[in-house]
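Chain by chain, the residues:
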Amino acid sequence: MSRPQCSRCLRPTPHCLCALIPSLDSRTRVLLLQHPSEVNHALNTARLAALGLNNAQLVVGEVFDDLPTLLNPPGYQARLLFPADDAQLLQGYAPSDQPLLLVVPDGTWRKARKLLHLNPLLAALPRVTLAEGAVSRYRLRKAPGPGALSTVEAIVQALQVLEAPTSFEPLLKPFDALIEGQIAAMGDAVFQRNHGDGRHG
């Protein structure tokens, strides 16, 4: 028997996060392209980001046939938030700047690279990146290295840079609750053993 789930945040009904999800306006438009394997992941942070931002869209798939339309909303210039040697460091908008359509692939690094491989239009976009040194609050999925952020954290950091001094921290409220809930469900001993201070006993 599957447990009843909230149709909006997709969490089990007793753990619905909707009350914590904000409704934030942003000058930047965010387009999340989610690999299908992420949809049922317990920590679907891309969905939280899409629900909390009024100017955001979440599209699930591997090959996006309508990509030319998705990448060209009037009034925005598309940029891919993904590392590359020639990626530009994100900076705050000048008053005259055209706002960005921030395209964010959601999935493991391997799945995100696959999305780029299967969608040449995506791979051809100019890339932007965040300054190094960001520390993730995500203590559950072993990150590929320091500075690796969950999707919602990366979006919050990107928007804080672009639209300073506006704060997008409220987007992290449901994310933090989700993490705490997962840790509580896991039991403290298991959490410490698997995700504690990095030592293996």
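Below is a short write-up of the structure. Computed from a prediction, not measured in an experiment: that's the story for all the values here.

Below, the discussion takes up the overall build of the chain. When you go through the chain residue by residue, the secondary structure sums to seven helices and six strands. Walking the chain from its N terminus toward its C terminus, one meets helices and strands in the order β-α-β-α-β-β-β-α-α-β-α-α-α. The burial tally for the chain puts 42% of its 201 residues in the buried class. When contacts within the chain are restricted to residue pairs at least 6 apart in sequence, those whose partners lie at least 24 apart make up 73%.

Time to look at the packing of helix 1 (residues 45-52) against helix 5 (residues 151-162). Look at helix 1 against helix 5: their axes get within 7 Å of each other, and the N-to-C directions meet at 40°. Taken together, helix 1 and helix 5 sit at an angle that is classed as oblique. Mapping the contact onto sequence places Thr 45, Ala 46 and Ala 49 in helix 1 and Thr 151, Val 152 and Ile 155 in helix 5. Tallied by class, the residues present in the contact of helix 1 with helix 5 amount to four nonpolar, two polar and no charged.

Counting 36 residues, the largest nonpolar core has Val 30, Leu 32, Leu 53, Leu 81, Leu 90, Val 104 and Ile 155 as its most contacted members. When residues of this core are traced back to their parent elements, those giving at least two are strand 1 (29-34), helix 1, strand 5 (100-106), helix 5 and helix 6 (172-186). When residues of this core are assigned to their parent elements, the largest contribution, seven residues, is made by helix 5. In contact with Val 30, other than residues within four places in its own chain, are Leu 53, Asn 55, Ala 56, Gln 57, Leu 102, Val 104, Ile 155 and Leu 159. Val 59, Ala 78, Leu 115 and Leu 116 belong to the second largest nonpolar core, which has 17 residues in total.

Considering all chains together, one arrives at one aromatic pair under this definition. Ring plane angle 55° and centroid distance 5.6 Å describe the contact between Phe 82 and Trp 109, whose orientation is recorded as tilted. Separated by 27 residues along the polypeptide, Phe 82 in the loop between strand 3 (77-81) and strand 4 (88-89) and Trp 109 in helix 3 (residues 109-118) bring together distant segments of the chain. Using a relative accessible area of 8% as the deciding quantity, one classes Phe 82 as buried.

With respect to topology, six strands assemble into an open sheet ordered 2-1-5-3-6-4, the strand pairing being parallel. Of all strands in the sheet, those with a lone pairing partner are strand 2 (56-60) and strand 4, marking the two edges. Here strand 1 runs beside strand 5; their pairing, made up of six bridges, is parallel. Counted as the bridge partner of Gln 34 is Asp 106 from strand 5.

Below, the discussion takes up the environment of His 15. Secondary-structure assignment places His 15 in the segment before strand 1. For His 15, a relative accessible area of 45% gives the class partly exposed.

Conventions we followed
Residues numbered from 1 in each chain as written. Predicted model: local features only at pLDDT ≥ 70, side-chain atom pairs only at ≥ 80, totals over all residues. Heavy atoms only, no water. Helix = DSSP H or I, 4+ residues; strand = E, 2+ residues; numbered from the N terminus. Buried < 20%, exposed > 50% of the residue type's maximum accessible area, 1.4 Å probe, protein only. Contact = heavy atoms within 4.5 Å. Axes fitted to C-alpha atoms, helices over the stretch in contact; angles between N-to-C directions. Parallel < 35°, antiparallel > 145°, perpendicular 65-115°, else oblique. Nonpolar A, V, L, I, M, F, W, Y, C, P; charged D, E, K, R; others polar. Core = buried A, V, L, I, M, F, W, Y, C linked by side-chain atoms within 4.5 Å. Phe/Tyr/Trp six-rings, centres within 6.5 Å; stacked < 30°, edge-to-face > 60°. Pairing = 2+ DSSP bridges.

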